[in-house]
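# Reading the structure
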Amino acid sequence: MKAKLTLHGEFAIGETDKRLYGSFIEHLGRAVYNGIYEPNHPLADELGFRKDVIDLVRELRVPIVRYPGGNFVSGYNWEDGVGPAGQRPVRMDLAWMTRESNRIGVNEFAEWARRTGTDVMMAVNLGTRGPDEARNFTEYCNFPGGTRWSDLRRSHGVERPHNFKLWCLGNEMDGPWQIGHKTADEYGRIAAEAAKVMRWTDPSIELVVCGSSNARMPSFGKWEETVLDHTYELADYVSLHIYFGNPENDTPNFLGRSLEMESFIKTVTGICDLVKAKKQSKKTINLSFDEWNVWFHSQDQDAKIEKWIEAPPRLEDIYTMEDALVAGCMLITLLKNADRVKIACLAQLVNVIAPIMTEVGGTAWRQTIFYPFKDASTWGRGRVLRCPVRCERYDSREYAGIPYLETVAVHHEEEGRLTIFAVNRSLEEAIELEAGIFGFEGYRLIGHTALYNEDLKAINAAGGEKVKPAAQETAPFEGEALSLRLPPASWNVIRLEERRD
Ligand code: AHR
């Protein structure tokens, strides 16, 4: 099948925010305990953090990690996780029906983030708690000293403030499954009051209000409008969450799901701008897509988990080749909307619906979705370029007009780097791509890698990786025309660099 792509150095969508490549660690399953933290592991450091896991997170170049939840945060008392480890209470976590030892809390997590080279996106509990705890927690984390909560932090051996700059005002408060679920008005009011006192405590912070848990919620749209009516001048971002699955085993339909993500982003952007107009505000609210991924493989297994045990293996999806393609399409969608999506978090990072898996006492390994994320995070920073495409389209069970080729390009001017990301959604045919590349005189083709496997259900495992990128043969890049062959059902990275000799 043939396809045509045109890109020009002057036709840009916007600059990427580095936080587009964020991720998420929740107190859930084996994300924290027996995930990032396993004190008896041979590769644990003196604080109990696994160094092999830290190395894999570094390989992904994750600039920010959301913590401590997720649903968990809506019943969390942050005070339980600070102070002498031996005196911390063991709690029933009602979000996931597990036992929470509180061995890891905010100070330990901040130290893990420091060792990993990432920032923290902190969340406050607006489920069972409210503005008072939110301001105390902000003071504990971000105020230098000489006050009740900042001195408590210092007494816990953390002299300098953490200075977390980005905070979530609760999590998925529209969902009936959430501890302390609220109506849009109830949540909007409490979020506004929490935002106010948190900002008074530290005026340098940025705040994310909860949007809908997904675009199929009955209150979607109205929820965002009402919440923003209450919080517009106090918040900086509204959150979006989406998870896709393929329980029907309908791969063409599954590969089209990113169209739904695109429409979700466009609708939420419109609602933000509607409220801006209603308020005649000069401020623009941007989007924090702080949970996105494929999630469905583990659901039957999770239904069998015994309650009230510590760190059970929950949400341990083992990802396939086709899941990596969907993750790739989702990354391209985020990039195409980089003018409004400033933050995004692959949910999650270790063991729980994660690119990185670990064995207790054993190895740590890369799932299939690790690779598109790593590629985008490594090469997808800079100015995102519009990529008009001519290609065939198909209809699936739920979507019409799905393009076989999903693509975007990113130009990093200072480093003289142009990268094209492309997914071929055709399961049978390679795409013969003709790319017209304008405004990049002096650039040469560095290489083309593709992630594909004839078996769309192929997985990676602790013992070996069946799904990993492979270098492709390339034709010479002459003038402004680039010819490429994208294998069937593949994720592709095409890299060009400016000659600087
Ligand atoms: O990421 C897993 C869960 O999905 C999170 O706790 C919640 O916010 C969402 O529903």
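Notes on the structure follow. Everything numeric here is computed off the predicted structure, so don't read it as measured data.

### Observations regarding the site of the ligand
- Lining the immediate surroundings of the ligand are 13 residues, of which Glu26, Asn71, Glu172, Tyr243 and Glu291 lie closest.
- In this structure, asparagine 171 approaches the ligand through a side-chain N or O atom, which is 3.0 Å from an oxygen atom.
- For the ligand, an oxygen atom lies 2.8 Å from a polar atom in the side chain of tyrosine 243.
- Taking 290 Å² as the accessible area of the ligand by itself, protein coverage stands at 95%.
- Residue composition of the shell around the ligand, by class: six nonpolar, four polar and three charged.

### Things to note about unusual backbone geometry
- In this chain, glycine 69 is followed by glycine 70 through a cis amide linkage whose omega measures 15 degrees.
- In this model, asparagine 249 sits at a positive phi of 55 degrees, which is unusual for a non-glycine residue.
- When you line up the elements, asparagine 249 lands in the loop between strand E10 (237–244) and helix H7 (251–255).
- Of note in this structure, tryptophan 308 is not a glycine but carries a positive phi near 65 degrees.
- Take tryptophan 308: it is sitting in the loop between helix H9 (299–302) and helix H10 (321–336).
- On the basis of relative accessibility, which here comes to 26%, the residue tryptophan 308 falls in the partly exposed class.

### Some points on the layout of surface pockets
- Here the largest pocket defines a volume of roughly 610 Å³.
- The wall of the largest pocket is formed by 28 residues, among which Ala110, Glu111, Arg114, His162 and Phe164 lie closest to the centre.
- Those elements that place two or more of their residues in the lining of the largest pocket are helix H2 (106–116) and strand E7 (119–124).
- The element contributing the most residues to the lining of the largest pocket is H2, with six residues.
- Residues belonging to the lining of the largest pocket are distributed by class as follows: eleven nonpolar, seven polar and ten charged.

### As for empty space enclosed by the protein
- Taken as a whole and assessed by the stated rule, the structure comprises three cavities of 30 Å³ or more.
- By volume, the largest cavity is sized at about 90 Å³.
- Lining of the largest cavity is provided by 13 residues; of these, His27, Leu28, Gly29, Thr98 and Glu100 occupy positions nearest its centre.
- Among the elements that take part in the lining of the largest cavity, strand E6 (residues 98–100) stands out by supplying three residues, more than any other.
- Partitioning the lining of the largest cavity into residue classes produces six nonpolar, three polar and four charged.
- Within this model, the second largest cavity holds a volume of roughly 70 Å³.
- Around the second largest cavity, the lining residues are Val73, Tyr76, Trp78, Ala123, Val124, Asn125, Arg129, Glu133, Ala134 and Phe137.
- When residues in the lining of the second largest cavity are grouped by element, the largest group, three residues, is from helix H3 (residues 131–142).
- Taken together, the residues of the lining of the second largest cavity break down into seven nonpolar, one polar and two charged.

Criteria and cut-off values
- Residues numbered from 1 in each chain as written.
- Predicted model: local features only at pLDDT ≥ 70, side-chain atom pairs only at ≥ 80, totals over all residues.
- Heavy atoms only, no water.
- Near = heavy atom within 4 Å.
- Polar contact = N/O pair within 3.5 Å; in protein donor to acceptor, adjacent residues only side chain to side chain.
- Areas by Shrake-Rupley, 256 points an atom, 1.4 Å probe, with all protein chains shown as cover.
- Nonpolar A, V, L, I, M, F, W, Y, C, P; charged D, E, K, R; others polar.
- Helix = DSSP H or I, 4+ residues; strand = E, 2+ residues; numbered from the N terminus.
- Buried < 20%, exposed > 50% of the residue type's maximum accessible area, 1.4 Å probe, protein only.
- 1 Å grid on protein atoms, 1.4 Å probe; cavity = no way out; pocket = protein on both sides within 12 Å on 5 of 7 lines; lining within 4 Å.
- Points joined across faces, edges and corners; volume = space filled by probe spheres on them.

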